[in-house]
Structure formats: structure tokens, C-alpha cells
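Report on the structure
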Amino acid sequence: MPTPLALAAALCCAQAGAQTAPARVPAAAPQAPAASAPAPAASTAAGPAVILQADRISGRPDIDAQAEGNAELQRGPLVIRADKLSYDSVGDLAKAQGNVRISRDGDRFTGPEVQLQLQRFEGFFLQPEYYFPSTGAGGKADRIDFIDDQRSQLWGGTYSSCGADGSGTPAWLLGADRIRLDRQANEGVAEGAVLRFYGVPILAAPRLSFPLTDERKSGWLPPSLDVDNKSGVGIGVPYYWNIAPNRDATITPTVMTRRGFSADLQFRYLEPSFRGEIDVHALPDDRVTDTSRHALRLFHEGDAPQGIHYRIRGLRVSDDEYWKDFSSQASSWTPRLLATDLQADRSFRWNGIDATAYARVQQWQVLQQDDARIVAPYQRSPQLGLRGSSLLAGGFETAFETEVNHFTRPSNGQLDPLPTGTRLHALGSISRPWRAPGWWVVPKFSFNAAQYQIDHSAGGRYDNESRTIPTVSVDGGMVFERRASWFGETLRQTLEPRVLYVNTPYREQRGTPNFDAYGKDFNAVSVYSDNEFSGVDRVSDTNTLTAGITTRLLDENTGIERLRLGLAQRVQFRDQKLVANPDGTPNIDSTPEGEGSTQRFSDLLLFGTATLSPRWMVDGAIQYDPDSRRTVRSLLSTRFTPGPFRTLSASYRLTRGLSEQLEVGWQWPLYQRDAAAARVQAAGACSGTLYGVGRLNYSLRDSRVTDSIVGLEYDAGCWIGRVVAERLSTGRSEATTRLLLQLELVGLSRLGSNPLKVLKDNVPGYRLLREDRDAGADAASSAAF
């Protein structure tokens, strides 16, 4: 956002435009006729020429000149216009009276009288009014005193992006008794600063300092306000610390009515070979739990010598209930499963092989609940691997991956019955692709080999197991194209049949642990894979032919895909012993016998995406069981976007026997004064449009709302008010509710809690009513009390 008194920077810019030595102005003939040509002045080595023109110009050559009637003085980008204007070439003094207008790079100043010594930029401007297009804001002052080309003082100054309402007062107004500006120090100091909203003081400071450019400056930021049902009302006052051009920190002390005092720290750094961010939340004495609570989030990545790239991500909290009480501090895709992940890799080429060596350590913190315990994934402590690919003679292609992993279990204070151990595996393939325009065939041989050293700590025994599983596959397809006319447009339509044959023999895998295998979703990508499971530990035995067809409509001019429709199904030539259960677990791991599949035809997959007009988007996928004649899984979604800040979306998700959810989202104007008001609003004045925004997730199976976001945004043109309520389900009968309140003063700053990230992350198609800026830019234009 702009500085709290952004007018300062623009005034200094005007000063910068006049920091050149004056050019001499030759005397014009006395009483020159109206609309005379500009009095010429040659540029000098010291700077641009001074050009004076008016209806009437008089003066003495190389001494002075007087201009009346549409008088204008120009020097570089600085232009002064007035009813009367005089220039003393000897003293380099310009005086203007009557309807004075100054402009530079779009910034505009008006007033009754100005006097400037151009070289030293020393003088004054009486009762100026100013407007800055870059921020869409301006104001007025009693007087501006220009001390020199770097320093000035403004008396009784105001700043606002609002036009006056019926009472003659802008909706919001920032004013100060005196403002001192120092360009060399990049600092402005306002004394007696008061921010008023509809005449009510909402922020005041006896002394307010701010930067004059986009360079960062240490200081206090506007206070934040948080309200939730777990902590009550929280008021924080962030302090921004500009440590160096490539390092900064934000420290936010906060007082919560229910829990007491807390502090947040965000430290960011950017170096030539690495960058990162550290976030800390500390609550020394939680009055609700009588404990000390904290959270630490870390991100760091960089490049080490020898071409090594590394990355560290981590999130740790103090206790199992933290994710419920401080959902905004411990935000994660898996709020009860917090990862710490260290990775490093190095890519290289050796003897025609493109290879990558990598290492990883992955640990988990599991936030357990007595009434809803979860089984955490295995930790990799560590993982070491090498993968690569190469082209061989005769058009053959080969790829490989080999890893050694030591798998451990997260510590949860209880005896874990699951085994741990070390796995050495090798994956390899060799293929001979034939590709040409319109068709391709890729026969491939691959294998999955693994050796295990298993630690049954719960049973006090150790085992060694190994197995090798080969796979043969042939993948082929064709692409047909033709021109087609749809909805009055000329499009290109494709027809793309594809078949995949896979043959993998059955190998006994009950004696080996399952460290990382999980059933893949049945979708347009996985239906053409040669293994039903992700990971390494489980390989499905299969003798199947997958056949499918896809058609697409493409815009011939832009290549944009307007429509995609497809279907696919597998034909099974023998019974399958190792399959995935509906919840994704391998059948041999959930039941001792592990019943397989005797189906000859798999479920039928139908999928499609349509963007037939800029307003409508439809997406869907259906998994249909022909034996039971029922839909097993489905996903249907649509979005309607008729214009800016207008979007409606709905989606339906079904996984039979597990979940059924309906989701709706919206951003839509609920009230707008009238069309004329809309045009006024677009011009930057205060009108009024009320928007509804939100997203609701409803569980049809449980008949309850799981997560929801509901809010209102009022855009008055020069200010925006936001009220957003967020409800996150933390159990069947538990939820965390937050109320986010924000007042955005356009051209100045934002006050209160920030709901914008919540809206952008959760409401499909949401657009900011004003362009956002990053945290660093906001901090750069912070004000210090």
C-alpha cells in the first residue's frame, strides 16, 4: 500500500524535477501579441532550458520576464501554469499568482500563489491542493515551505482518496499539523497525525514517520484484530524491522482476552544462493490450559557447491490441541499430520545418462485425539536414491531408480505394533518407442525389485525378505483431426483412441511390510498406469487391456481447449489377487485371505471438461460399476463467471460408502446504487457496491456443514469494508470459528485482520476488488509511531 502520507513522495518528485541549473530566458518584445510563440531559451550544460509562454510576455533580455494570460513555465518535466507568472533569470526566481497549477509526471498541484527559486528549490506554495494518479488520492494544505531540493515542510496537510460527501468531508481523511520531508534521509515525519473515518477518529499519533519511496523502513504497522471462539478477541500491533535490503522481520505482540499475551515473529531473508522464512508463535502462559504453547514453521532452500540444490520445510507445534485452538498459526493441508522434510539433490550427466542423485529425511508430528486416532505414515530416516534415463542405440530408451530407505514410526508415547525396517529397491525399464505424426506405439519391459530387513520390535524378531516382479506392457494410440463448426465458431476436433496392455505375474507379498503403497485414484491418468498402487511395496498382478477414447475441441487461433470428453475401461483376462480396497489400502494388508477380483470388466470411467464460453466451465468424472449398475465415485463441478467480481460455483463429490459432499462458492454483488454510481465508483469516488462472498461444504452423508466461509465486502470506491466468518470443523461436534474484520482505505493502508488469503485460497474464482501487494511492499510503506 502507499505510505500513510503518500503525498510526501510525490511532492519530493516534483522537487527532483527542478534540481537543474536555470537556463537564461531572452527578453521578449514588450507587449507581445496574444497567443505568441514561446520565448525561446537554449539548453545549457547545467540542465534543461526554461521555456516561458503566455498571451502577453514582457521583460528584459537575460534579466527577467513577466507573463500574463494563460502563462506557462516549463523546465524538464516540471510545468507551472498561472494567470500571472514572472521569472527573474538573475536570481533564478519564479513567481506565480492566480489559479496556479503545477504538474509533473501526472501529479497535480493547484493553489493561489507559489514562489520558487528553481536552482535551490527554495520557496513556498500557499493553500495548495494536490492529486496523485498513482494512488488515486490527494488532499490540501495551508502552506508548503520548500527549504531546499531535499527538504520541505507542509503545514495543516490532509490526504484522502475519497471525494467529499454531502457534508463536505471525505469518507476517510488523514491529517497532520505539520509534515517534515527529507528525501536524502528517505523519511517523512508527521506531527499530530489523526486518521478519521466519517469524521470519527480511529487512529492517532503525536508523531508519525514514514518512508518517501518504496524502500523499506522500520516502524509500527496498523494494528490487527482477530476474533474467534477459542481465544476471544485478539489485538496485535506489528512492528516491522528493516534489518537490511535482503533481510527483514515482523514482530507482533498480541493480547487475547481469553488466553493472555502472545508474540509472533516472521523473519525473511534472501541471499544470492539461498532464501528462507522462519515463523514463530509463542504463548508463554495460556490462561485456558495453564501451559506454555508455541509453533515453529521453517522454510529454507538454496544451492550448495557442486550443483547441489537443497530444501528444508518444517512445522512443529507444542501440543495435540494446537491445531484446534490456533488454526491460522498451524495451517496445513493435513492439520493433524505435520511434516519436517529435508531434501537435497544433484543432477548430472555421465556417459550419456541424465541422472539425479538425491537424499531426504522426513519426520512427522502426529496430533492425536483420543476419540479419533489416526495412523501416521512411515518416516524416512533417511532416504538415499539415484534415478536416471538414457537413449540407447536403435531407438531404445531406458530408465532406472534405485533407493535405500530406513523406515521408522513417529513417536506417540505408545507401543506401535507396525514393523519398521530398511528397504533397498530398484525400478527399471527399457522401451522401444515408435512415434510419428498421428500415432505412437511403445512396448516396454519393466521390473520392481526390493529387499527388506524388517524389524518386528513389538514381537522382538527380525526378518529378511526379497522379491522381484516383472511387467510387460504395450501402449499405443492415434490422433485424428478435422475442422468442425460449433456454436458458429470454426474449431479443430480431435479423436484420440488409446490402448494399453499390461501383464504382471502374481508374486507373494504378504510377508513384506507396506511402507508406502496406496491405491491410486481411478482417473484419466491412473487408468493408463501399469500398477494399481503408488509407491514401491505393492505391485498388482494384472493381465489387462485398457481401452479408451478421447475427443477434444480446440480453438484454431489460440489453441485453447474448449471441450474434452473421454471414456476408458479395463478388460481383465484373469483373476486378480492383489487389489486395492475402497479406502485405498491393499487387500492383503487388511484381511489375511485378501480376496481378489474376478471381474472381467473394470468400472467404466467417463470424464469431461467444457469451456464453451468465457462464462461457463463444467468439469466432471464418473466411475460406474457395470455389475451393480451404480456409480461408485463421481465428481461434478461447474462455475459461472459472467464478469469481474461475479462468480458462482458448485461441486458434488461422491465416494460410495465413504463420503458424499456438496460444495458451493460465490462472489456476487448484492446491491449497487445505480449505473451512474458504478461509473463514479470506477472513477475513484465513493459510491457503494455490496458483495457477498463465501464457500460452504455440506456433508450429505452426515447431514451437517463441515467447513464454511461466509462474508460481505462493501466497496465504496475509496474504501472497502470486509466482514468474513470462517468455520473449520475439528470433529463431528466441534468447530473453530473466526471473525475477520478489515477496513481498507484505498491509497493508504489496511486496518484489522486480513481475510484476503482465506478468500483467495477457498473461494473458487475469487478476485480482489483492488490489486494486492506483497507483504514486503506493505512493510516498505509502513508508518512508525
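Conventions used here
Think of each chain on its own: its residues are numbered from 1, step by step along the sequence as written. The predicted nature of this model means local features are confined to residues of pLDDT at least 70 and side-chain atom pairs, given and counted, to a pLDDT of 80 or more, with totals for whole chains, interfaces and linings taken over all residues. For the side-chain quantities, the full set of heavy atoms in the structure was used; hydrogens and water were omitted. Every residue is assigned a pLDDT by the predictor, reflecting its confidence on a scale from 0 to 100. Strands here mean DSSP runs of E at least two residues long; helices mean DSSP runs of H or I at least four residues long; both are numbered from the N terminus. Pairs of residues are marked as contacts when any of their non-hydrogen atoms sit within 4.5 Å. Each residue's exposure class comes from its accessible area (1.4 Å probe, protein chains only) as a fraction of the maximum for that residue type: buried when under 20%, exposed when over 50%, partly exposed otherwise. For patches, a residue must show more than 30% relative accessible area and have no salt bridge; joins then use 9 Å for like charges and 5 Å for nonpolar side chains, namely Val, Leu, Ile, Met, Phe, Trp and Tyr. For accessible areas, the Shrake-Rupley method is used with a probe of radius 1.4 Å. Any residue's cover is judged against the shown protein chains and nothing else. The salt bridge criterion pairs a side-chain nitrogen of Lys or Arg with a carboxyl oxygen of Asp or Glu, the two atoms within 4 Å. Two aromatic rings, drawn from Phe, Tyr or Trp (for Trp, its six-membered ring), form a pair once their centres lie within 6.5 Å of each other, and the interplanar angle then sorts them: stacked below 30 degrees, edge-to-face above 60, tilted otherwise. A strand pair is defined by DSSP finding two or more bridges across the two strands.

Here's the deal with the confidence of the model for the chain
Detailed reading of predicted coordinates is not advised where the pLDDT is low. Mean pLDDT over the chain stands at 84; residues scoring 70 or higher make up 87%. Per-element mean pLDDT across the chain ranges from 38 in helix H1 (residues 7-16) up to 96 in strand E20 (residues 260-270). Low pLDDT (under 50) marks residues 675-686, which in the prediction has 19 contacts with non-local residues, meaning those over four places away or in another chain. Across residues 773-785, where pLDDT falls below 50, the model places 50 contacts with residues more than four positions away in sequence or in other chains.

Concerning the environment of Ala304
Inspection of the secondary structure puts Ala304 in strand E22 (residues 291-304). Residue class for Ala304 comes out partly exposed when judged on its relative accessible area of 28%. Remark: the alpha-carbon pair of Ala304 and Ser273, spanning 31 residues in sequence, is separated by 7.5 Å.

Brief notes about a nonpolar patch on the surface
There is a patch of nonpolar side chains on the surface, built from Trp434, Trp439, Val441, Val474, Met478, Phe480, Leu495, Ile549, Leu567, Leu606, Ile622 and Leu636 and spanning about 960 Å² of accessible area. Position of Leu606 among the secondary structure elements: in strand E38 (residues 604-610). Accessibility expressed as a relative area gives 35% for Leu606, which makes it partly exposed.

A short note on unusual backbone geometry
A cis amide bond links Ser381 with the next residue in sequence, Pro382, at an omega value of 5°. Checked against the element boundaries, Pro382 lands in strand E26 (residues 379-391). For Asp62, which is not glycine, the phi torsion reads 60° and is therefore positive. Its identity is not glycine, yet Asn70 carries a phi of approximately 50°, on the positive side. Relative to the elements of secondary structure, Asn70 occurs in strand E3 (residues 64-75).

A closer look at the packing of aromatic side chains
Per the stated rule, a full pass over the model turns up 18 aromatic pairs. Residues Tyr501 and Phe573 carry aromatic rings whose centres are separated by 6.5 Å and whose planes lie at 45° to one another, so their mutual orientation is tilted. Placement of the pair is Tyr501 in strand E33 (residues 489-504) and Phe573 in the loop between strand E37 (561-572) and helix H3 (587-590), with a sequence separation of 72 residues. Residue Phe573 is classed as partly exposed on the basis of its relative accessible area of 46%. Of the aromatic side chains, those joined through ring pairs into one cluster are Phe197, Tyr198, Tyr714 and Trp719.

Overview of the pairing of strand E23 (residues 308-317)
Within a regular beta strand, the side chains point alternately toward one face of the sheet and then the other, so they alternate between its two faces. Pairing analysis gives 10 bridges linking E22 to E23, with the strands arranged antiparallel. The residue bridging Glu301 from the neighbouring strand is Arg311, located in E23. The loop that links E22 with its antiparallel partner E23 comprises three residues; one of these, Gln306, has a positive phi angle of about 65°.

Considerations on the pairing of E3
Sheet topology places strand E1 (residues 51-53) next to E3; three bridges connect them, and they run antiparallel. Its bridge partner lying in E3, Leu52 is registered against Leu73. Pairing analysis gives five bridges linking strand E2 (residues 56-60) to E3, with the strands arranged antiparallel. Residue Gly59 lies in a different strand from E3, and its bridge partner there is Ala65. Remark: three residues form the turn of the hairpin made by E2 and E3, two consecutive strands paired antiparallel; Asp62 in that turn has positive phi of roughly 60°. In the sheet, E3 pairs with strand E4 (residues 78-88) via 10 bridges, with the strands oriented antiparallel.

Quick word on the side chain of Thr504
When you line up the elements, Thr504 lands in strand E33. Classification of Thr504 by relative accessible area gives buried; the value is 0%. Those residues within four positions of Thr504 in sequence are excluded, and the remaining contacts are Ile469, Pro470, Thr471, Asp530, Val539, Ser540, Asp541, Thr542 and Arg574.

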